[in-house]
Amino acid sequence: MEEITRNLLEDGIIKKLVSPGKGALPEFPNGTKVIFHYRTSLCDGTLLDDSRTMGGRSKPMELILGKKFKLAVWERLVITMRPGEISDFTCDTKHTALYPLVSQSLRNISVGKDPLEGQRHCCGIAQIHSHHSLGNKDLDHLQAHPQPLVFSIELLEVLPPGTFQLDLWAMSDEEKLTFVPQIHEQGNQLYKEGKIAEASEKYYNGIACLKNLQMKEQPGDEAWVKLDLMITPLLLNYCQCQLRQEQYYEVIEHCSSLLFKYEDNVKAYYKRGKAHAAVWNEAEARADFAKVLKLDPSLGPCVAKELRAMEERIRSKEKEEKGRYKGLFGSDTAPATATTVSTSRFKQI
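Everything numeric in this text was worked out from a predicted model, so none of it was measured. (Residues numbered from 1 in each chain as written. Predicted model: local features only at pLDDT ≥ 70, side-chain atom pairs only at ≥ 80, totals over all residues. Heavy atoms only, no water.)

Peer 1: So what exactly am I meant to see when it comes to the overall build of the protein here?
Peer 2: In terms of helices and strands, the protein carries 14 helices and six strands. Counting all 349 residues of the protein, 39% fall into the buried class. Contacts spanning at least 24 positions in sequence make up 68% of the contacts within the protein whose residues lie at least 6 apart. As displayed, the protein offers around 19,600 Å² of accessible surface, 54% of which is attributable to carbon and sulfur atoms. (Helix = DSSP H or I, 4+ residues; strand = E, 2+ residues; numbered from the N terminus. Buried < 20%, exposed > 50% of the residue type's maximum accessible area, 1.4 Å probe, protein only. Contact = heavy atoms within 4.5 Å. Areas by Shrake-Rupley, 256 points an atom, 1.4 Å probe, with all protein chains shown as cover.)

Here you go:
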């Protein structure tokens, strides 16, 4: 232990043991997964992040050693710890310069956002020297004024290589390409079982995986297009899940983005038409369903069913509106102006 502490000190890291762990110090070969909770503070005690409360939930950090995590010092710290150990590490600025970017990604993940949202497409060092805001005042200040940080770490678990399934982010490009068809099939099976939310998550992860690979290619190049064609069926399945969960505007957004690139995608028109109908966009729904019939006349019965359902909902809504006006004006007939207002409401919603 003394030798470990001395080596850390020589590297600009001060370790303070808070609570000893159990057993011997584990082996930490590359590919080992470490799971830990962390608190990040300034040296004056100001708290920046806490994995137990970030995003309103307690979710520990997971790292695969040897995968070149952006904040390399965390790997340096955890390999000095035993399972169950809690220690505070005060780290020099040379180890903490990239923390604002890492923190922003972790904060995004904790609330379900894209981990790269708000970051420019450039290397970490370039971002440090840019004046681009990270969207958090404390991180902007830290990025502009790099300084030592204190990481309070509780090591929960150490999993040797081969004893766990790799998370998508930890996979190589080849592993991701192999895994996406598997996760696609898992999503399909979950959907058949009626587990819509779980299926949606599978499709989302598959899309995120392929998007990550696509970022490395030039838009429009053969490799980029090939990946985009793999994304399309996953995105359509994801939209089907969102329809079932009544997330209609998200369906409209995703299908519109697909149709911008693939204007003859009948499934995208059909799903977008259903979403438009659900949010009272009658004209848009009719236009999409007309396009469906033009591209694939065999879907006529399905389109007719959707149109009948939409028209019935509109009639029901209009009847409900008339009933309200009847009670308001004390007559059997609502004023003409009231009818006009009712019609315009459906067009605006």
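Peer 1: How should the packing of helix H11 (residues 266-278) against helix H12 (residues 282-295) be read in this particular structure?
Peer 2: When two helices pack together, their arrangement is captured by the angle between the axes and the distance separating the axes. Two elements in contact, H11 and H12, have axes whose closest approach is 8 Å; the angle formed by their N-to-C orientations is 155°. Taken together, H11 and H12 sit at an angle that is classed as roughly antiparallel. Two packed elements cross with a definite hand, and for H11 against H12 that hand is left-handed. The segment H11 lies against H12, with Val266, Tyr269, Tyr270, Arg272, Gly273, Lys274, His276 and Ala277 engaging Glu284, Ala285, Asp288, Phe289, Lys291, Val292 and Leu295. (Axes fitted to C-alpha atoms, helices over the stretch in contact; angles between N-to-C directions. Parallel < 35°, antiparallel > 145°, perpendicular 65-115°, else oblique. Left-handed = near helix turned anticlockwise from the far one by under 90°.)

Peer 1: How should the pairing of strand S5 (residues 86-91) be read in this particular structure?
Peer 2: Residues in a regular strand point their side chains to alternate faces of the sheet. With burial as the criterion, only one face of S5 is covered, namely that bearing Ser87, Phe89 and Cys91; the residues Ile86, Asp88 and Thr90 on the opposite face remain uncovered. The pairing of strand S1 (residues 13-19) with S5 spans six bridges and is antiparallel. Among the inter-strand pairings, Ser19 is bridged to a residue of S5, identified as Ile86. Where S5 and strand S6 (residues 149-159) come together, six bridges link them in antiparallel fashion. When the bridges of S6 are listed, Thr90 appears paired with Val150. (Pairing = 2+ DSSP bridges.)

Peer 1: What's the story with empty space enclosed by the protein in this structure? I'm lost.
Peer 2: Picture a little ball the size of a water molecule; that probe, rolled over the atoms, points out where space is still empty. What the rule picks out here adds up to one cavity of 30 Å³ or more. Along the walls of the largest cavity sit Thr96, Ala97, Pro100, Leu142, Pro146, Gln147 and Leu149, which together make up its complete lining. In the lining of the largest cavity, the residues fall into five nonpolar, two polar and no charged. (1 Å grid on protein atoms, 1.4 Å probe; cavity = no way out; pocket = protein on both sides within 12 Å on 5 of 7 lines; lining within 4 Å. Points joined across faces, edges and corners; volume = space filled by probe spheres on them. Nonpolar A, V, L, I, M, F, W, Y, C, P; charged D, E, K, R; others polar.)

Peer 1: Mind showing me how you'd approach the environment of Leu295 here?
Peer 2: Turning to its location among the elements, Leu295 is positioned in helix H12. The exposure class of Leu295 is partly exposed, given its relative accessible area of 35%. Through-space distance from the C-alpha of Leu295 to that of Asn265 is 8.4 Å; in sequence the pair is 30 residues apart. If we skip the residues at most four places from it in the chain, Leu295 touches Asp264, Val266 and Tyr269.

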